[in-house]
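Here are the chains, one letter per residue:
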Amino acid sequence: MSTQTDTRRLTAVDIAKRKGGEKIVSLTAYHAHTAGIVDRYVDFILVGDSLGMVMHGLETTLPVTLEMMILQGRAVMRGSSRALVVVDMPFGSYEEGPEQAFRNAAHVLKNTGAGAIKLEGGVHMAGTVAFLVRRGIPVMGHVGLTPQSINTMGGFRVQGRGDEGQRMLEEDARAISDAGAFAIVMEGIVEPVARRITETVSTVTIGIGASPACDGQILVLEDMLGLNDWVPKFVKKFGSLREHIEGAVSGFADEVRAGTFPAQEHTYQPSAPKPPAKG
Ligand code: KIV
């Protein structure tokens, strides 16, 4: 079991320095209690806008709001003390231009205390990334399969299978790296492209469905814990939480119905009567 023992919270600068070194480990978390568990094992925690799908049962991440991100970002900051916390900018909160992006990113950092934000997009977002970084906002990029563009991508599709797609992906990653992002999430990318990007950009690359070639890896916590029946090919279930939860919930229901819970040890009794006063 590998745990981290640093007491100082990691920063975007610490993560950026890890290029080509020890692999960077990350998971998503949306709650104080899960953040508290993963904090000891990861380098950064992503409060991803996947919370819309995972926590709220939405079909896409598009309806997620800044308020939802801030609420869960605060919870994750309260629950963790060591890992860098990165909060996703939700769809519609940064694409209009650099000023809108700065206003909303500053709002997120002020109201959560998180150390960085993440936004989706390649070449077309590079100007915005540079604007934010120059004004003190650490930015994590996200290229490849970008779930906020699902309507223009035509679904959750692996990126970079053809020559043109590969060229565009490499341009996207290079543009975000040159703009000053401290890290780039690469999602749903074929291995040779992920490898080429990782070898040629100076920014650390964090893969999710992007092969072992990346500088680090991230998964959605609930997926790797086995809370969802269906998971994409790139997810390995490291746990089987769904079965554990079902076992506990059905055990509770059975005992309540059988009248065996609560037992005496779970039941309060009145205080023992006081002895009568002497004399
Ligand atoms: O929102 C999220 O969870 C993400 C990860 C998939 C990287 O962006």
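Residues numbered from 1 in each chain as written. Predicted model: local features only at pLDDT ≥ 70, side-chain atom pairs only at ≥ 80, totals over all residues. Heavy atoms only, no water.

Focus on the site of the ligand
The criterion, for reference: For each residue, the test is whether any non-hydrogen atom lies within 4 Å of the molecule or strand; if one does, the residue is near. For this analysis, a polar contact is any N or O atom pair within 3.5 Å, provided that within protein one partner can donate a hydrogen and the other can accept it, and provided that sequence-adjacent residues contribute only side-chain to side-chain pairs. Accessible surface area values rest on a Shrake-Rupley calculation with a 1.4 Å probe, where residue burial reflects the displayed protein chains alone. Asp, Glu, Lys and Arg are counted as charged, while Ala, Val, Leu, Ile, Met, Phe, Trp, Tyr, Cys and Pro are counted as nonpolar; the rest, among them Gly, fall into the polar class.
All residues adjacent to the ligand are Thr28, Leu46, Gly48, Asp49, Ser50, Asp88, Lys118, His142, Val185, Glu187, Ile208 and Val220. Within the side chain of aspartate 49, a nitrogen or oxygen atom sits 3.1 Å from an oxygen atom of the ligand. Side-chain polar atom of serine 50 to an oxygen atom of the ligand: 2.5 Å apart, as the coordinates give it. Protein coverage of the free-state accessible area of the ligand, which is 260 Å², stands at 95%. Here the residues of the shell around the ligand are counted per class, giving 4 nonpolar, 4 polar and 4 charged.

Digging into the pairing of strand E1 (residues 24–28)
Heads up, the condition is: For each residue, the accessible area found with a 1.4 Å probe, counting protein chains only, is set against the maximum for its type, and the residue is called buried under 20%, exposed over 50%, and partly exposed in between. Elements are defined by DSSP. Helices are runs of H or I of four residues or more, strands are runs of E of two residues or more, and each kind is numbered from the N terminus. At least two DSSP bridges between two strands are required for those strands to pair.
Across the 5 residues that make up E1, a large majority, 4, are buried. As paired strands, E1 and strand E8 (residues 216–219) are joined by 4 bridges and run parallel to one another. Among the inter-strand pairings, isoleucine 24 is bridged to a residue of E8, identified as glycine 216. Of the pairings in the sheet, the one linking E1 to strand E2 (residues 44–47) comprises 3 bridges and is parallel in character. Looking across to E2, one finds that threonine 28 is bridged to leucine 46.

Some points on the pattern of salt bridges
Close approach of charged atoms allows side chains of opposite charge to pair. As a reminder of what qualifies: Each salt bridge in this description consists of a side-chain nitrogen of Lys or Arg and a carboxyl oxygen of Asp or Glu lying within 4 Å of one another.
Within this structure, the stated rule accounts for 10 salt bridges. The salt bridge partner of glutamate 191 is arginine 195, with a shortest N-O separation of 2.7 Å. Linking glutamate 191 with arginine 195, this pair stays in helix H9 (residues 191–200), spanning 4 residues, or about one helical turn. Take glutamate 191: its relative accessible area is 37%, and that puts it in the partly exposed class.

Comments concerning the nonpolar core
The condition that has to hold: Throughout this description, the term nonpolar core refers to a set of buried Ala, Val, Leu, Ile, Met, Phe, Trp, Tyr and Cys residues connected via side-chain atoms within 4.5 Å. The criterion used for residue contact is that any of the two residues' heavy atoms lie within 4.5 Å.
Phe44, Ile45, Ile117, Leu119, Phe182 and Met186 are the most contacted members of the largest nonpolar core, which totals 76 residues. At 6 residues, helix H4 (residues 66–79) tops the list of elements feeding residues into this core. Setting aside chain neighbours within four positions, we find methionine 186 in contact with Val143, Ala194, Ile197, Thr198, Thr205, Ile206, Gly207, Ile208, Ala210 and Cys214.

Re the sheet that holds strand E4 (residues 116–118)
The line we're drawing: The axes used here are C-alpha line fits, helices contributing only the stretch in contact, and every angle between their N-to-C directions lies in the interval 0 to 180 degrees.
Taken in spatial order, the 8 strands of this closed barrel run E1-E2-E3-E4-E5-E6-E7-E8, and their pairing is parallel. Shown here is a sheet whose adjacent strand axes are inclined to one another by a mean of 25°, direction ignored. Each of strand E3 (84–88) and E4 touches helix H5 (residues 98–112); the most contacted strand, E4, lies at about 130° to it.

A closer look at a nonpolar patch on the surface
Short version of the rule: Two joining distances apply to patches: 9 Å for like charges and 5 Å for nonpolar side chains (Val, Leu, Ile, Met, Phe, Trp, Tyr), and every residue must have over 30% relative accessible area and no salt bridge.
There is a patch of nonpolar side chains on the surface, built from Phe252, Val256 and Phe261 and spanning about 270 Å² of accessible area. Mapped onto the fold, phenylalanine 261 is located in the segment after helix H11 (241–258). On the accessibility criterion, phenylalanine 261 (31% relative accessible area) is partly exposed.

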